Amino acid sequence: TMYKTTVQEEAPIDEEKSPEIAQGPDVTPVDENDVQVDQEVLVNEGAVPTSDEELENWKNNVCTSIEDSICHEVFVVKNRKATFCSAAKVASTTTKTYFYNIADGSITIPSYSRYGVHEADWRRFHSFDEEAQKYILHSPEWTHIFFWRGVVSRFVSGFLDKVVHDCKNHENVVKRSLAIHHYVQYGFSCEKHNDLEAFISFMETVPSHEGHFHAQSSLCSIGKYPFTDFIQVDKNLSENLKLLSTKLGVKHPSEDERSSSHSTKAQERMVQLFKEKPYLVQRVLDMFKVDCENIPHACDVDDLMAAISP
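Figured I'd write up the structure that's included with this text.

Thresholds, definitions, all that
- Residues numbered from 1 in each chain as written.
- Predicted model: local features only at pLDDT ≥ 70, side-chain atom pairs only at ≥ 80, totals over all residues.
- Heavy atoms only, no water.
- Helix = DSSP H or I, 4+ residues; strand = E, 2+ residues; numbered from the N terminus.
- Buried < 20%, exposed > 50% of the residue type's maximum accessible area, 1.4 Å probe, protein only.
- Contact = heavy atoms within 4.5 Å.
- Areas by Shrake-Rupley, 256 points an atom, 1.4 Å probe, with all protein chains shown as cover.
- Axes fitted to C-alpha atoms, helices over the stretch in contact; angles between N-to-C directions.
- Parallel < 35°, antiparallel > 145°, perpendicular 65-115°, else oblique.
- Left-handed = near helix turned anticlockwise from the far one by under 90°.
- Nonpolar A, V, L, I, M, F, W, Y, C, P; charged D, E, K, R; others polar.
- Disulfide = S-S within 2.5 Å.
- Core = buried A, V, L, I, M, F, W, Y, C linked by side-chain atoms within 4.5 Å.
- Pairing = 2+ DSSP bridges.
- Expected span 1.5 Å × (residues − 1).
- Bend = angle between axes of the 7 residues up to and from the residue.

Remarks on the overall build of the protein chain
Okay, so step 1: Along its length, the protein chain carries 13 helices and 5 strands.
Okay, so step 2: The 310 residues of the protein chain split such that 47% are buried.
Okay, so step 3: By sequence separation, contacts in the protein chain at least 24 residues apart represent 76% of the contacts at least 6 residues apart.
Okay, so step 4: Just so you have it, the protein chain exposes about 15,400 Å², and 49% of that area is on carbon and sulfur atoms.

Some remarks on the packing of helix H7 (residues 196-203) against helix H11 (residues 279-287)
Okay, so step 1: At a minimum axis separation of 11 Å, H7 and H11 run at an interaxial angle of 30°. Regarding the angle of H7 to H11, the classification is roughly parallel. Crossing geometry of H7 relative to H11 is assigned as left-handed. On the side of H7, the interface is formed by Leu196, Glu197, Ile200, Ser201 and Met203, while H11 contributes Tyr279, Leu280, Arg283, Val284 and Met287.

Quick notes on the packing of helix H5 (residues 151-169) against H7
Okay, so step 1: Where H5 contacts H7, the axes come no closer than 12 Å and their chain directions differ by 105°. If you check the angle between H5 and H7, you find them roughly perpendicular. Of H7, the residues touching H5 (which contributes Phe155, Phe159 and Val163) are Leu196, Phe199 and Ile200.
Okay, so step 2: Tallied by class, residues from the contact of H5 with H7 come to 6 nonpolar, no polar and no charged.

Focus: unusual backbone geometry
Okay, so step 1: One non-glycine residue with positive phi stands out, namely Lys89, at about 70°.
Okay, so step 2: Located in the positive-phi region is Ala91, a residue other than glycine, with phi close to 55°.
Okay, so step 3: Mapped onto the secondary structure, Ala91 falls in the loop between strand S2 (82-85) and helix H3 (92-102).

Things to note about the state of the cysteines
Okay, so step 1: In the structure shown here, the tally under the stated rule is 4 disulfides.
Okay, so step 2: Here Cys63 is linked by a disulfide to Cys71, with a sulfur-sulfur distance of 2.1 Å. Taking the sign of the torsion about the S-S bond as the criterion, the disulfide between Cys63 and Cys71, at about -110°, is left-handed.
Okay, so step 3: Two residues, Cys85 and Cys220, share a disulfide whose sulfurs are 2.0 Å apart. Here the disulfide of Cys85 and Cys220 is left-handed, its torsion about the S-S bond being about -80°.

Let's talk about helix H4 (residues 130-138)
Okay, so step 1: Among all positions of H4, only Ala132, Gln133, Tyr135, Ile136 and Leu137 are buried.
Okay, so step 2: At its buried positions, H4 is contacted by helix H1 (52-61), strand S1 (75-77), S2 and strand S4 (143-148).

A short note on the nonpolar core
Okay, so step 1: Among the nonpolar cores identified, the biggest contains 57 residues, and Phe125, Val152, Phe188, Phe199, Tyr225 and Phe274 are the most heavily contacted of them.
Okay, so step 2: Of all the secondary-structure elements, those providing two or more residues to this core are helix H2 (70-73), H4, S4, H5, H7, helix H10 (258-274), H11 and helix H13 (302-308).
Okay, so step 3: A total of 7 residues in this core trace back to one element, the largest contributor, which is H5.
Okay, so step 4: Dropping the residues within four chain positions of it, Phe125 is found in contact with Val62, Cys63, Ile70, Cys71, Val74, Val76, Gln133, Ile136, Leu137 and Tyr225.
Okay, so step 5: Within the second largest apolar cluster, 24 residues are counted, among which are Ile102, Trp122, Phe147 and Val250.

Regarding the sheet that holds strand S5 (residues 229-232)
Okay, so step 1: Strand order in this open sheet of 5 strands is S3-S1-S2-S4-S5, and the pairing throughout is mixed. Edge strands, defined here as strands with exactly one partner in the open sheet, are strand S3 (123-124) and S5.

Re H5
Okay, so step 1: Compared with an ideal rise of 1.5 Å per residue, which puts 19 residues at 27 Å, H5 spans 26 Å between its outermost C-alpha atoms and is within 8% of the ideal.
Okay, so step 2: The sharpest bend along H5 reaches about 25° and sits at Leu160.
Okay, so step 3: The buried fraction of H5 amounts to 14 of the 19 residues, a majority that puts the element mostly inside the structure.

Some remarks on the pairing of S4
Okay, so step 1: Of all 6 residues in S4, 6 are buried, a share of seventy percent or more.
Okay, so step 2: Neither face of S4 is open: one carries Thr143, Ile145 and Phe147, the other His144, Phe146 and Trp148, and all of them are buried.
Okay, so step 3: Where S2 meets S4, 4 bridges bridge the pair, whose relative direction is parallel. In the sheet register, Ala82 faces S4, and the bridge partner there is Thr143.
Okay, so step 4: Examined bridge by bridge, S4 and S5 share 4 bridges and lie parallel to one another. Pairing of Phe147 across the sheet is with Ile231, part of S5.

In structure tokens form, the structure reads like this:
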């Protein structure tokens, strides 16, 4: 299906056709789990092109006359002719580690780094010149990967990590460095919104979101950016990354075996949270309607509903 990585035969890589781009650091802000930084993300979603002509115009002008979220959200691994995008709380540590390991030394981590791959000298799409951007978007030699996660699972992960965990560890003082600081302007407080239902009710009224609670499909410009592979972040992620390595023609790097057990624990936690209040599941889906439209399988909650049914 469109949601699984498939192995396709790639056209031979002709490096002479690839524009030369001046190399320079494009450091990624730290943005994962126990790392506390300012997470406010300004997103210009724009309208999804409705015709081939509009899509072609978008490709030829994005990040120049048209500013789009992918300019900052898409990472480019030039020597592997690959780009990838995943929203916060979509296994960014695992995916960045994977691409770091297959980059063959073209991506480096500073010796003073505290947060590993999150501080590597990644190149984002906007850091390439206009000619290179067009080449990346139009060339059939490139592989473009979108990592996605189930909507409810991602929301719960964000709630437990960025609300429950951060409120507990910071004594209910919402510092600027915390992701939830973005929501203080709309009335968020740890005292009022540390409960799942209360937090959902609050988020239903919020007019703008930072990265952890923003719709993942619009952050990565689904419908505009020419993704070739849609990879779900679930218990099968490891196997799908192996398929991706085959497609890219690289030796598959060793992986952290803890990821699968983490997925199992996350599912168990979701069941606990929704067991007494199954109606909250639909309210979460309603908040992420754009993801349900663009990635329908991300809103498949049949297994969860069966697990929480009396």
